[in-house]
Structures are given as structure tokens and as C-alpha cells.
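# Observations on the model geometry
Spelled out from the first residue to the last, the chains are:
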Amino acid sequence: MSAVSSRLPVFPWDKLEPYKATASAHPDGIVDLSVGTPVDPVPELIRRALVGAANSPGYPTVWGTPELRDALTGWVERRLGARGVAHTNVLPVVGSKELVAWLPTQLGLGAGDRVAYPRLAYPTYEVGARLCGAEPVSYEDPTELDPAGLKLLWLNSPSNPTGRVLDKAELTRIVAWARAHGVLLFSDECYLELGWEAEPVSVLHPDVCGGSYEGVVAVHSLSKRSNLAGYRAAFLAGDAAVLGELLQIRKHGGMMTPAPVQAATVAALGDDSHVAEQRARYAARRTALRAALESHGFRIEHSEASLYLWATRDEPCWRTVAHLAELGILVAPGDFYGPAGGSFVRVALTATDERVDAAVKRLG
């Protein structure tokens, strides 16, 4: 076990504990804008579906119920604009982080293989590569990578942490390059419902993938759009051959979404009103925090989508973290997401209205 854990970086959030202690000592309490965990209630219709399926004594299936697969295919076509999506094109997973961390292993990758991800990125892309012994590679433009030995290419639009959105032309170019070089492309689209100054597009849109899902898989989550981070509800959509192989592996591994969560997912994907309500909450918090940060001397870059503001005072990120902690505000240092983030902090929109108001006052 030590041999495996030694491949991994230090768990980044542990480094933030001293600053969390400082922020918690503020007389009015901490405003935690670091991790990005949802704080708003789970919508009532989703809770009702969960409770209604609570009497589930038998094992669930890895592929999910037919009702769940219908909900997944219907949502992918309705929301993403995909066409001809069959049950073989979808697969539920136990939260998207589990999938990201273990995908390279489940694909059979290992020493001599390369896994690529953006130079500013969710740390788990690198962790997934290291867990299986593959070589992690970061990029600015994936089409400039050497395709030799490159087995898995991660896209992330909208980006965590920067909020950058890849437009339709960029996505189309990257998909074409990956196919030309036989590189499997997974697109992490978990923030797609949270576009503010840009309209995020899925790799499954026919204008991007040409109506074929060959070599392309999208990753989606209900954690942010439906406040279901505690439910671990996520899914894949795309290449049937790739998902079929993953299904067989995950059956052996017992990677089953609990039956009540499957029922809750069906309810969540069938309702758009709660998503609109949650978007409105985040939009108001984003407007307030952005204005307060800018008045405090910050510059915001990208951030046209997702649940974060990518902010800088053009100083080392840990100095910024310390400064804000003295104000009782905890944020994530940009170097958690790669060396290129060394002068930025990521400010999450996931705090209650009362706590956001407190942060705005303190920044003022």
C-alpha cells in the first residue's frame, strides 16, 4: 500500500488547515469559499424520490434501472443536443471523482502510457494517472502534444478552477485531432449547466462530434446543478464500446449506484425548475462576490462559467490566502491546480447568502 500512496502528491486540502484555523477565529466566524461543496437544500422532489425508493433490499445493477437509463438518454438529447443516444451510450457512476481517479486503471493503462489534462486542472486527473503507474502530462493546447503513447486525453469545459469555456470550434478541432491520432477523449462537463458569460457546449453535440460518439465520452454530475454532492450521482455518455467495456469491469468491481440514488437521479434529470432556481442563487452570489473582490484590488480572469471566481492580486497565492484568512475568508490557493496557478486563488460561490454577505462586508 505504501508503494501506491507514495506515487501520489500530498492531499492538497490538508495544507489549508492552518489558514482555516485563522479564518475560523474571526469574531463573526469563517466564510468558507474554498472547497466548493453545495450548501443549499436538496430539492423536495428529489428527496421524495429518494425516500420513495428507500425500501430497496436487493442489490442494484451497475448499469442502472431502465428508468434511469431512459432519464440519462433523454437528458443527454434534450440538454446537450445529442442525437440517437441509446442505453448503450450511457453509464451511471458513483460520483464523478471516483470515475476520474480510477478511469485510467479501468482502461488498463500503466507504465509507458500517458494521460493528459489541462495545465490548470482538477488535481484528480493527475492522481488517476499516478494510481495506475501511467505518466501524467499537462498541456496548454492538447493538439500540440506528442500523440506517441498518449492513451487518454482529458478536457474540462467549463474549467475547474478557471471557469474557462472551450467554444464549439475549439472542441471540434480537438475531437478531430484526438480521433486522427487514436487518442481516447474524455470531457469533464460537470459545470455545463453553470454558464454565465458563455454558453458551454458538450463534445456530444453533433456540430462537435459529427454525430458519431466514436472515441468520445462526456462526464456529468448532479452534485452542483442539483445539490446532490452527498448522493454521489454522476454518469457517462458517449462511445458505446468504451462504456460497454467499463460496464463489464465495474460489474466485477461492484461499482453500483445505490437504488434510492438512482431513483433520485431520475427525478432530478426530469425537472429543470430546480436547476433554474439554483442558478439564480449562484448568479446573485457571483455578482456580489465579484464586485467585492474587484473593489478590494483583485482582478478576475476567465470565470465565464462554473462555480468559482479565478482571482489574483498579482502576488504569491499563499500570501493572498493568508490575507483573506485574516478577514475570516477561506479560499483555495491556485497552485492546488498546477504551478501556473501560483498567483491566483479560487473563490467558490458555495456559501449561504448570509455568509456571502459577510464576506462582501469584510472585503469592503
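What counts as what
- Residues numbered from 1 in each chain as written.
- Predicted model: local features only at pLDDT ≥ 70, side-chain atom pairs only at ≥ 80, totals over all residues.
- Heavy atoms only, no water.
- Phe/Tyr/Trp six-rings, centres within 6.5 Å; stacked < 30°, edge-to-face > 60°.
- Helix = DSSP H or I, 4+ residues; strand = E, 2+ residues; numbered from the N terminus.
- Buried < 20%, exposed > 50% of the residue type's maximum accessible area, 1.4 Å probe, protein only.
- Lys NZ or Arg CZ within 6 Å of the ring centre and 35° of its normal.
- Pairing = 2+ DSSP bridges.
- Salt bridge = Lys/Arg side-chain N within 4 Å of Asp/Glu carboxyl O.
- Contact = heavy atoms within 4.5 Å.
- Axes fitted to C-alpha atoms, helices over the stretch in contact; angles between N-to-C directions.
- Core = buried A, V, L, I, M, F, W, Y, C linked by side-chain atoms within 4.5 Å.
- Polar contact = N/O pair within 3.5 Å; in protein donor to acceptor, adjacent residues only side chain to side chain.

Under the counting rule described, the total for this entry stands at twelve aromatic pairs. Their ring planes at 0° and their centres at 5.0 Å tell us that Trp310 and Phe344 sit as a pair that is stacked. Placement of the pair is Trp310 in strand β10 (residues 308-312) and Phe344 in strand β13 (residues 344-348), with a sequence separation of 34 residues. Of the two residues examined, Trp310 and Phe344, each falls in the buried class. Seen in terms of ring centroids, Trp318 and Phe336 are 5.9 Å apart; in terms of plane orientation they differ by 65°. Their pairing is edge-to-face. With Trp318 in helix α12 (residues 317-326) and Phe336 in the loop between β12 (332-333) and β13, the pair connects residues that are 18 residues apart, well separated along the chain. Aromatic rings pair up to connect Trp13, Tyr19, Trp310, Trp318, Phe336, Tyr337 and Phe344 into one cluster. For the cation-ring pair, Arg69 lies above Trp63, with the distance from its terminal atom to the ring centre recorded as 3.9 Å. The ring of Tyr308 carries Arg346 above its face, with NZ or CZ at 3.7 Å from the centroid.

Burial runs high along strand β7 (residues 216-221): six of the six residues are buried. With burial as the criterion, each face of β7 is covered, one bearing Val216, Ala218 and His220 and the other bearing Val217, Val219 and Ser221. Pairing of strand β6 (residues 184-188) with β7 involves four bridges; the strand directions are parallel. Looking at β7, one finds that Phe186 is bridged to Val217.

Under the defined criterion, the tally for this structure stands at 23 salt bridges. Salt-bridge contacts for Glu199 lead to Arg79; the nearest nitrogen and oxygen are separated by 3.9 Å. Of this pair, Glu199 sits in the loop between β6 and α8 (206-209) while Arg79 sits in helix α4 (residues 66-80), and the two are 120 residues apart along the sequence. By relative accessible area, Glu199 is classed as exposed at 58%. For Arg299, the salt bridge identified is with Asp314, shortest N-O distance 2.8 Å.

This part covers helix α5 (residues 96-106). The buried count for α5 comes to eight of eleven residues, which makes it a mostly enclosed element. All of the buried residues along α5 are Ser96, Glu98, Leu99, Val100, Ala101, Leu103, Pro104 and Gln106. At the C-terminal side of α5, Gly108 shows a positive phi close to 80°.

Here four strands make up an open sheet; going across it, the order is β9-β10-β13-β12 and the pairing antiparallel. Edge strands, defined here as strands with exactly one partner in the open sheet, are β9 (299-301) and β12. In this structure, β12 lies alongside β13, joined through two bridges in antiparallel fashion. Following the sheet pairing, Ala332 is matched in β13 by Arg346. Contacts from helix α11 (residues 273-295) reach β9, β10 and β13 within the one sheet, and its direction differs from that of β10 by about 5°.

Membership of the largest hydrophobic core comes to 61 residues, with the highest contact counts inside it found for Trp154, Phe186 and Leu236. Apart from the residues lying within four places of it in its own chain, the contact partners of Phe186 are Leu99, Leu103, Leu152, Leu153, Trp154, Leu155, Val217, Val219, Leu236, Val242 and Leu246. Counting 45 residues, the second-largest nonpolar core is a separate cluster that includes Ala71, Val175, Val203 and Ala268.

Another aspect to go through is the side chain of Thr257. Among the structural elements, Thr257 can be located in the loop between α9 (240-253) and α10 (259-269). Once residues lying within four places of it in the same chain are set aside, the contact partners of Thr257 are Pro60, Pro92, Val93, Val94 and Gln262.

Take the side chain of His220 next. The residue His220 is located in strand β7 in this model. His220 gets classed as buried once you look at its relative accessible area, which sits at 3%. A polar side-chain atom of His220 sits 2.8 Å from a polar atom in the side chain of Glu189.

Our next topic: the sheet that holds strand β8 (residues 234-238). The strand order across the open sheet built from seven strands is β2-β8-β7-β6-β5-β3-β4, with neighbouring strands paired in mixed fashion. A single partner strand is all that each edge strand has here, and the edge strands are β2 (90-93) and β4 (135-139). Taking each pair of neighbouring strands and ignoring which way they run, the sheet shows an average axis angle of 20°. Both β2 and β8 contribute to a ladder of four bridges, which runs antiparallel.

Of all the five residues making up β10, five are buried; the element is thus mostly covered by neighbouring parts of the structure. With burial as the criterion, each face of β10 is covered, one bearing Tyr308, Trp310 and Thr312 and the other bearing Leu309 and Ala311. As defined by bridge partners, β9 adjoins β10 across three bridges and the pair is classed as antiparallel. The residue of β10 that forms the bridge with Ile300 is Ala311. Between β9 and β10, which follow one another and run antiparallel, lie six residues, and His302 among them has a positive phi close to 50°. Sheet topology note: the β10/β13 ladder contains five bridges and is antiparallel. Bridged to Trp310 within β13 is Arg346.

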